[in-house]
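Structure assessment
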Amino acid sequence: MKSPSDFIGNSPMARRDVSQFDRGDVSFIIVAGAMVSFMIPGLAFLYSGLARRKSALSLIWAVTASNAVCIFQWYLWGYSLAFSPTATNGFIGNLANFGLMNVLSNPSPGSPLIPALLYSFYQMEFACVTVGIFMGGIAERGRVLPAMIFIFLWMTLVYCPLACWAWNINGWGFKWGVLDYAGGGPVEIGSGVGGLAYAWILGRRQEKELVNFRPHNVSMVNLGTFILWFGWLGFNGGSAFGANLRAIMAIWNSMLAAAFGGVIWCLLDYRLERKYSMVGFCSGTIAGLVAATPASGYIQPWAAVVMGTVTSAVCNYATKFKFFFKIDDALDLFAEHAVGGIIGLLTNGLFASHAIIALDGVNTNIKGGWVDHNYKQLYIQFAYVCAVCTYTFVVTAIIAKAIDMVPGLHLRTTPEGETLGLDEVEIGEFANDYIEVRRDYSDWTALGNLISERVSLPTTDTSTGSDHHEQPYLQQKAHHVCMEESNLETISEKCVEAPTEDGVAE
């Protein structure tokens, strides 16, 4: 009987030597990638909780579907455009690894500690998180189908070049010495500035939708935040590409920045409302994690405390920028992700330490920032920030406007759809149904008249004595039946007078 190796024969796969990779490192990155993948439902729950109830499910759908689009794009040509090592233009990769061709057990282009196939999977999860964050830009008024088409093009024309700049061995940022540990440019600025540009093309929500706006489910906000925090440990810890001390340091720095960020934001909100805001605490936690993304693998723990504190305060005040720009950034993507990513990148120019970078045993020749007397690092970081912000905003706006001009692919829903909610007009399902307004769902939608028929009760006394006791108290004279309009955020009631026993309403 032939063994499996006989069927493989002398194929290239049979000749692969995988002994050069430590199985502990490989296992660690597999788990870290799975943790990053878990950030996708975290984003979905966070966005759903922050939105109004009538558009809560549409954001869950958008984050979920964008994940699928991103996986396809990354498999098709995204990985090749970002990381193909044979491209030398410094701006974007080529199609040498189209469809994951020649991506197997060779050392990855990002680290010799893991194989290229594992590296491609791990980096794909980074891209999926980025587009998931981006989906916050469509909140409460963006159509989902055009958004999916946009995401495929945006991944190709924006994210892949940004990833190439910072992480490809031939990228101009990599060669220049830019310090971007886990994605301050491609992930955070890409999603934050890109989301701002998309929201600018979409336009502001109707003014009545901006009155008394508040999250519909703060518990979901908290749940999503802690799922993100958990996944972020794989995001930042795994970016050391091995089970080493640098990974542990990145995890510690992420924890410290998140904790201090949450406390500072909450205290800043308390000074205004004299309330300990749960949404504020979650916002500060995320701001700290965002700043830790580009910096956690470069800085000492004391610098992470400083960074988390400063980032939370600056991001808190940055939420006012959207009023200055007159852009309806509903979920504050720019204030949280773009500003937080910028601060993290600039922190590297000041506090990046060679001693921390060398903990992985691979990057032993990379200089730090000002603490290592490498004073030019700060302007390198600043120039990189300017390039990423400018390119992302301009190209994102062009792609969004071009799609919006295609008949049938308008990015924004109708004013009526915005009033009714995207769950009704785009998804046809709802995140929460609080009351049963009809016995069968098909008998009622928010599009129809909520009170299309009068309440009818038996007009003849044919019931037994026990039935008398089971008759609802609606038969009482002058009693009113009240129904809630589900498409209004503030409770609005319409009352129908219940008929009396002779069938005539009082």
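Just so you know, these numbers come straight off a predicted model, no measurement behind them. (Residues numbered from 1 in each chain as written. Predicted model: local features only at pLDDT ≥ 70, side-chain atom pairs only at ≥ 80, totals over all residues. Heavy atoms only, no water.)

**So, the overall build of the protein chain**
- Scanning the protein chain from N- to C-terminus turns up 20 helices and 2 strands.
- Residues classed as buried in the protein chain amount to 53% of the 506 residues present.
- Partitioning the contacts of the protein chain with sequence separation of at least 6, the portion at a separation of at least 24 is 75%.
- Split by element, the accessible area of the protein chain, about 22600 Å² in all, is 63% carbon and sulfur. (Helix = DSSP H or I, 4+ residues; strand = E, 2+ residues; numbered from the N terminus. Buried < 20%, exposed > 50% of the residue type's maximum accessible area, 1.4 Å probe, protein only. Contact = heavy atoms within 4.5 Å. Areas by Shrake-Rupley, 256 points an atom, 1.4 Å probe, with all protein chains shown as cover.)

**Observations concerning the packing of helix H11 (residues 245-273) against helix H13 (residues 301-318)**
- Running from N to C, H11 and H13 cross one another at 35 degrees; their axes reach a closest spacing of 7 Å. Both H11 and H13 take part in a crossing whose hand is right-handed. On H13, the residues that touch Met 249, Asn 253, Leu 256, Ala 257, Phe 260, Gly 261, Ile 264, Trp 265, Leu 268, Asp 269 and Arg 271 of H11 are Pro 301, Ala 304, Val 305, Met 307, Gly 308, Thr 309, Ser 312, Ala 313, Cys 315, Asn 316 and Tyr 317.
- Split into classes, the residues belonging to the contact of H11 with H13 amount to 14 nonpolar, 6 polar and 2 charged. (Axes fitted to C-alpha atoms, helices over the stretch in contact; angles between N-to-C directions. Left-handed = near helix turned anticlockwise from the far one by under 90°. Nonpolar A, V, L, I, M, F, W, Y, C, P; charged D, E, K, R; others polar.)

**Remarks on the packing of aromatic side chains**
- All told, the structure shown has 36 aromatic pairs when counted by the stated rule.
- With a centroid separation of 6.5 Å and 55 degrees between ring planes, the pair formed by Trp 176 and Tyr 379 is classed as tilted. Taken together, the residues Trp 176 in helix H7 (residues 172-176) and Tyr 379 in helix H17 (residues 377-404) connect sequence positions 203 residues apart. (Phe/Tyr/Trp six-rings, centres within 6.5 Å; stacked < 30°, edge-to-face > 60°.)

**Observations regarding the nonpolar core**
- In terms of nonpolar packing, the biggest core is built from 125 residues, with Trp 74 and Tyr 159 touching the most fellow members.
- Residues within four places of Trp 74 in sequence aside, it is in contact with Tyr 79, Ala 82, Phe 83, Ser 120, Gln 123, Met 124, Ala 127, Met 155, Tyr 159 and Cys 160. (Core = buried A, V, L, I, M, F, W, Y, C linked by side-chain atoms within 4.5 Å.)

**Let's talk about the confidence of the model for the protein chain**
- In the predicted model, the protein chain carries a mean pLDDT of 86, and the fraction of residues at 70 or more is 82%.
- Low confidence marks residues 1-15, where pLDDT is under 50. Its contacts with residues over four positions away, or in another chain, come to 5 contacts. (pLDDT = per-residue confidence, 0-100.)

**Details of the pattern of salt bridges**
- Tallying each qualifying case throughout the model produces 7 salt bridges.
- Measuring nitrogen to oxygen at the nearest pair gives 3.2 Å for the salt bridge that ties Glu 140 to Arg 52. Residue Glu 140 is located in the loop between helix H5 (116-134) and helix H6 (144-167), and its partner Arg 52 is located in the loop between helix H3 (39-50) and helix H4 (56-83); the two are separated by 88 residues in the primary sequence. The same class applies to Glu 140 and to Arg 52, which are both buried.
- Residue Arg 204 pairs with Glu 207 through a salt bridge whose shortest N-O separation is 3.2 Å.
- Via salt bridges that share partners, Arg 52, Glu 140, Arg 205 and Asp 328 belong to a single interconnected network. (Salt bridge = Lys/Arg side-chain N within 4 Å of Asp/Glu carboxyl O.)

**A look at the packing of H13 against helix H15 (residues 333-351)**
- At a closest axis distance of 9 Å, the pairing of H13 and H15 adopts a crossing angle of 145 degrees. Classified by chirality, the crossing of H15 by H13 is right-handed. Contact residues: Trp 302, Ala 303, Met 307, Thr 311, Val 314, Cys 315 and Ala 318 in H13; Ala 335, Glu 336, Val 339, Gly 340, Ile 343, Gly 344, Thr 347 and Phe 351 in H15.
- Grouping the constituent residues of the contact of H13 with H15 by class yields 10 nonpolar, 4 polar and 1 charged.

**A closer look at a nonpolar patch on the surface**
- A cluster of nonpolar side chains, Val 218, Val 263, Leu 267, Met 278 and Phe 281, forms an exposed patch at the surface whose accessible area comes to about 370 Å².
- Among the secondary structure elements, those contributing two or more residues to the nonpolar patch are H11 and helix H12 (278-295).
- Following the sequence through the fold, Val 263 ends up in helix H11. (Patch = residues over 30% accessible without salt bridge, like charges linked within 9 Å, V, L, I, M, F, W, Y side chains within 5 Å.)

**Looking at H4**
- Residue Trp 74 marks the point of greatest curvature in H4, where the axis turns by about 65 degrees.
- Across the 28 residues that make up H4, a large majority, 21, are buried. (Bend = angle between axes of the 7 residues up to and from the residue.)

**Focus on the side chain of Asp 423**
- Summarising the element assignment, Asp 423 is placed in helix H19 (residues 422-427).
- One buried charge, Asp 423, has no salt-bridge partner; the nearest side chain with opposite charge is Arg 53, at 8.3 Å. (Lys, Arg positive; Asp, Glu negative; His and termini not counted.)

**Regarding H6**
- The largest bend in H6 is about 45 degrees, located at Met 155.
- Where burial is concerned, most of H6 is hidden: 20 out of the 24 residues are buried.

**A few points about the environment of Val 26**
- Looking at the secondary structure, you find Val 26 in helix H2 (residues 23-37).
- Along the chain, Val 26 and Leu 118 lie 92 residues apart, while their C-alpha atoms are 7.7 Å from each other.
- Sequence-distant contacts of Val 26, that is, excluding residues within four places in its chain, are made with Phe 21, Pro 115 and Leu 118.

**Digging into the environment of Ala 335**
- If you trace the backbone, Ala 335 turns up in helix H15.
- Given a relative accessible area of 1%, Ala 335 falls into the buried group.
- Distance from Ala 335 to Ala 287, taken between C-alpha atoms, is 8.6 Å for residues 48 residues apart in sequence.
- The residues contacting Ala 335, other than those within four sequence positions of it, are Cys 315, Ala 318, Thr 319, Asp 329 and Gly 340.

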